[in-house]
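# Coordinate inspection notes
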Amino acid sequence: MKETKIEWCDSTWNPVTGCLNDCPYCYARRMVTRFSGGARFDRENPEEMSGVYLRKLSDSDTGKSYGVGVEFTKPYIDEKGKKEAYPTRFNPTFHRYRLKQPKVWREPKNIFVCSMADLFGAWVPDEWIEEVFKVCEDAPQHNYLFLTKSPARYLKLAKAEKLPQKENMWYGTTITNPDSPYIFSSTEKFNMFLSVEPILEDMGVWGRSVGEKNMKWVIVGAETGNRKDKVIPKKEWIDNLAKECDKYGVPIFMKDSLIPIVGEENMRREFPRGLKL
Ligand code: SF4
């Protein structure tokens, strides 16, 4: 049963939330701000959160500090007795009590893992990622789809033999223009896909790399929300991307945000083999 409005998956699962990338068009941050009620959290001055485990976050390559992240072993209840889904707002947070969820879901699902975070951001400890992977491997009835703006982290994990190579694990990269980094491996070992969302420019002949780099799927969507500099894509950008996908036999999934641009009759909602349940 579908439990999310995100058209290309059945459910989301958010054992880690929060992201420090600060993309101006971020949908997740907008949602968290809307649903985090009175929650307040200061990453540099976190004493007011008692009863939780605080952990220093830093980039293991550069040593750059990212303040602290928070680990919860049980749901956070505020002073009014209300369960807070985002008690630290959009700060990096590991909700360890959510790790049981995939096992509870018996029916196979396509699960978007950490839709409210970038699980592979430089500030995320390897251990958080490894614990999430372990849960995925222990509940193999599902497909797991990951997305990041930091595909280099995939490569780093793969080199350290920490990136599971499984039929049901799909490693996606979010890009918005032809200059976004998206290559993490030129091997066929891993299921790789691209999410071009929000599409902010014509991708040109960039699609050539989709074929060469063995991308197995492309998702594309327009920016949502009402920010001042919101980009409305041109129909030809979507047509060009679809053409490039066709050239290399890569399925393309157009999100509903594109209906006003391409028209319902031209919408393509294709899935790669392996993600059709
Ligand atoms: S990477 Fe994703 S979650 Fe993070 S700020 Fe950007 S859009 Fe939001």
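For the structure itself, consult the block above.
Residues numbered from 1 in each chain as written. Predicted model: local features only at pLDDT ≥ 70, side-chain atom pairs only at ≥ 80, totals over all residues. Heavy atoms only, no water.

## Points about the packing of aromatic side chains
Within this structure, the stated rule accounts for 19 aromatic pairs. Note on Trp8 and Trp217: the rings are 6.2 Å apart at their centroids and 85 degrees apart in plane angle, and the pair reads as edge-to-face. Residue Trp8 is located in the segment before strand S1 (11–13), and its partner Trp217 is located in the loop between helix H5 (208–212) and strand S12 (218–220); the two are separated by 209 residues in the primary sequence. Owing to a relative accessible area of 2%, Trp8 belongs among the buried residues under this scheme. Note on Trp217: relative accessible area 0%, which makes it buried. For the ring pair Phe120 and Phe146, a centre distance of 5.9 Å and an interplane angle of 75 degrees mean the geometry is edge-to-face. On the criterion of sequence distance, the pair formed by Phe120 in the loop between strand S8 (110–113) and helix H3 (126–138) and Phe146 in strand S9 (residues 143–148) is long-range, its members being 26 residues apart. Phe146 shares its class with Phe120; the two are buried. (Phe/Tyr/Trp six-rings, centres within 6.5 Å; stacked < 30°, edge-to-face > 60°. Helix = DSSP H or I, 4+ residues; strand = E, 2+ residues; numbered from the N terminus. Buried < 20%, exposed > 50% of the residue type's maximum accessible area, 1.4 Å probe, protein only.)

## Comments concerning the pairing of strand S4 (residues 65–72)
Among the 8 residues in S4, 7 count as buried, and that is most of the element. Pairing of strand S3 (residues 53–58) with S4 involves 5 bridges; the strand directions are antiparallel. Bridge pairing in S4 links Leu54 to Val70. Between S3 and S4, which pair antiparallel and follow one another directly, the connecting turn spans 6 residues, one of which, Gly63, has a positive phi of 80 degrees. Where S4 lies against strand S7 (residues 93–95), 3 bridges are found, and the strand directions are parallel. Bridged to Phe72 within S7 is His95. (Pairing = 2+ DSSP bridges.)

## Considerations on the pairing of strand S11 (residues 191–196)
Taking burial as the measure, the 6 residues of S11 include 6 buried ones, the bulk of the element. Examined bridge by bridge, strand S10 (residues 169–175) and S11 share 6 bridges and lie parallel to one another. Bridge pairing links Trp170 to Asn191 in S11. Here S11 pairs with S12 via 3 bridges, running parallel. Looking across to S12, one finds that Leu194 is bridged to Val218.

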